[in-house]
Amino acid sequence: MPPRHSLTEQERIVLDIIMDNPFASQKDLAERCGMTRPTLATHIGQLTRKGYLLGRAYVAATRAPIVCIGGAAIDRKFCLFSPLVPGTSNPATGYTGFGGVARNVCENLARLGQETALVSIVGDDLPGHALADHMKSCGVDTSRIQFAGNASTAEYIAILDDRHDLGVAVFDAVVFERLDIDYIRRCWPLIAAAGWLFVDCNVSVEVLAWLARKAREGSFSLAVDTVSVPKAQRLRGQLDGVQVLFTNRDEALTLLDGTTTADTSAAIAAALVMQGVGTVIMTEGARGLTVADSSGVHALPAYRTDVVDVTGAGDALVAATLSALSENMDTVTACRHGLAAAALTVGSRESVCPGISHDALDTFMTTHACTQGQAKETVQ
C-alpha cells in the first residue's frame, strides 16, 4: 500500500473502516464514519485517485508497484581494442541489446522481485516490439508501452575505450517527444497506485513539471535520474517534490546553475537538498557515491570489481536502491545495495546483468565486505 503521509485524518478513518469490512455498503460506511454519504463518496474518490483503493469492493492495494517513466531504446556498444585513433577506422568488438534508462531500471526492478510497470514509447517497428516482448518476459507490466507509427525506436550507440570506460555516446531519442502530458494523464490510474514513481530526464520539461507537482500533492514518492548534462537542464526549478534524486557531479552543477559556490561533492549534494530535494544520491564512478539528506552527508566507496562494460551500472544502482527503499531500508543501506548492483553490472556485457537478484546482491555484499569501507559522515 502507498505510504500514508499523503492522507488526511478523515481519509485515514475511512480507509481503516473499509479495510475492516471492504464489502460494506456506502450507507453502512457513512454511519460508521459519522459522515454523510456524499462526503464519504468524496473521500473514497480521493482514496482511489491516490492509489489506496482499487475499486469495488473497495479492494485495498497491498503492495504498491514501482512505475518507471522514460527512455526505452536499443543499445549498440563497441569496445575498442586499443586507444582511439581519430579520423580512421578503429578495431572493436560490438554488442547489441536493450537499453534506455527507465527501461533498464524497470528490468532490474523486476529481476529484484519488485512489481513494476514501464511507461514509455517505442517505434511501431521490429526493435520496438522485440523490446516490449522482452520486458513482458521479465515480468514487467508492459500495457502502457506506446507504439508510435512513422517513428523509429530510440537507439543508443556507445564507444568504450580500451579500458572499458565510456569514450563517447550518441542517442537518437526523437520518438520520446511523443511521450507528452496527455499520454501520462491516460496512464494516471497506474501512476496514482504507485508507491514509488521513477522518471528519467528523457521526458520533456512539461512532463517533469507535471509529475513533480503531483508528487507534491502526495500521490507517490518521486525519484528522478538526470541522465546527462543537457537533459538535467529540464529539471531546473522542479526539485521541490523530488524525494530521491540520482545524478552525478556535472549534472548536479547544471541543476544548481551558478546558485552555489560549492566545489566538493558533499557541499554540492547538500546544496541540492537545500533546494528542496529529499535525498540526493550523487554517483562518482569508481569512487562510489555521495548521499545527502536533511540529516547530513555521507560518502560511500564503490566495490572493487573487474570491469567488462560500464553501460547500465548507474541504472542498476538506481533500481537496487529504490527496491531497498521500498522495503523500508535506511538510505545508507539502500545505497550499499545500489553500489553492489552497479558492481555486478559492470562485470557483464549486458546493460542489465541477467544474474542480478536479491540473493546475488546479498552474496556479493558478503563476499566483498572487506573492500567496502564504513559510511563516512563528511559534513553537517
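Residues numbered from 1 in each chain as written. Predicted model: local features only at pLDDT ≥ 70, side-chain atom pairs only at ≥ 80, totals over all residues. Heavy atoms only, no water.

Overview of the overall build of the protein chain
Here's step 1: The secondary structure content of the protein chain amounts to 14 helices and 14 strands.
Here's step 2: Relative to the compact-globule value of 21 Å for 380 residues, the protein chain shows a C-alpha radius of gyration of 22 Å, a close match.
Here's step 3: Referenced to the eigenvectors of the C-alpha coordinate spread, the extents of the protein chain come out at roughly 80 × 55 × 45 Å.
Here's step 4: Relative to its full complement of 380 residues, the protein chain shows a buried share of 53%. (Helix = DSSP H or I, 4+ residues; strand = E, 2+ residues; numbered from the N terminus. Rg over C-alpha atoms; globule rule 2.2 N^0.38 Å. Buried < 20%, exposed > 50% of the residue type's maximum accessible area, 1.4 Å probe, protein only.)

Observations regarding helix 12 (residues 313-326)
Here's step 1: In this model helix 12 runs 20 Å from its N-terminal to its C-terminal C-alpha over 14 residues, within 8% of the 20 Å that 1.5 Å per residue would give.
Here's step 2: Of all 14 residues in helix 12, 12 are buried; the element is thus mostly enclosed.
Here's step 3: Within helix 12, burial applies to Ala 313, Asp 315, Ala 316, Leu 317, Val 318, Ala 319, Ala 320, Thr 321, Leu 322, Ser 323, Ala 324 and Leu 325.
Here's step 4: A positive phi of about 70° marks Asn 328, the residue just after helix 12. (Expected span 1.5 Å × (residues − 1).)

Describing the pairing of strand 13 (residues 296-300)
Here's step 1: With respect to burial, strand 13 is a largely interior element, 4 of its 5 residues being buried.
Here's step 2: Across 5 bridges, the pairing between strand 12 (residues 289-293) and strand 13 is antiparallel. Across the sheet, residue Thr 290 finds its bridge partner in strand 13, namely Ala 299.
Here's step 3: Between strand 12 and strand 13, which pair antiparallel and follow one another directly, the connecting turn spans 2 residues. (Pairing = 2+ DSSP bridges.)

Comments concerning the environment of Gln 233
Here's step 1: Here Gln 233 is to be found in the loop between helix 9 (229-232) and strand 10 (244-248).
Here's step 2: Here Gln 233 falls in the partly exposed class, since its relative accessible area comes to 42%.
Here's step 3: Put simply, Gln 233 and Lys 50 are 183 residues apart on the chain and 29 Å apart in space, counted from C-alpha to C-alpha.

Brief notes about the nonpolar core
Here's step 1: Of all hydrophobic cores here, the largest spans 54 residues; its most connected members are Ile 69, Val 119, Ile 191, Leu 211, Leu 222 and Leu 245.
Here's step 2: Here the element with the most residues in this core is helix 11 (residues 265-274); it accounts for 7 residues.
Here's step 3: Once residues lying within four places of it in the same chain are set aside, the contact partners of Ile 69 are Ala 102, Val 119, Leu 179, Ile 184, Ile 191, Leu 197, Phe 198, Val 199, Asp 200, Val 203 and Leu 211.
Here's step 4: Counting residues in hydrophobic clusters, the runner-up holds 51 residues, among them Cys 68, Ala 110, Trp 196 and Ile 281. (Core = buried A, V, L, I, M, F, W, Y, C linked by side-chain atoms within 4.5 Å. Contact = heavy atoms within 4.5 Å.)

Re helix 8 (residues 205-216)
Here's step 1: With 12 residues, helix 8 extends 17 Å between its outermost C-alpha atoms, agreeing within 8% with the 16 Å of an ideal straight helix rising 1.5 Å per residue.
Here's step 2: Among the residues making up helix 8, those that are buried are Val 207, Leu 208, Ala 209, Trp 210, Leu 211, Ala 212, Lys 214 and Ala 215.
Here's step 3: Tucked inside the fold, the buried residues of helix 8 contact strand 1 (66-69), helix 6 (181-186), helix 7 (188-192), strand 8 (196-200) and strand 9 (221-225).
Here's step 4: Once helix 8 ends, the next one or two residues include Gly 218, with phi positive near 90°.

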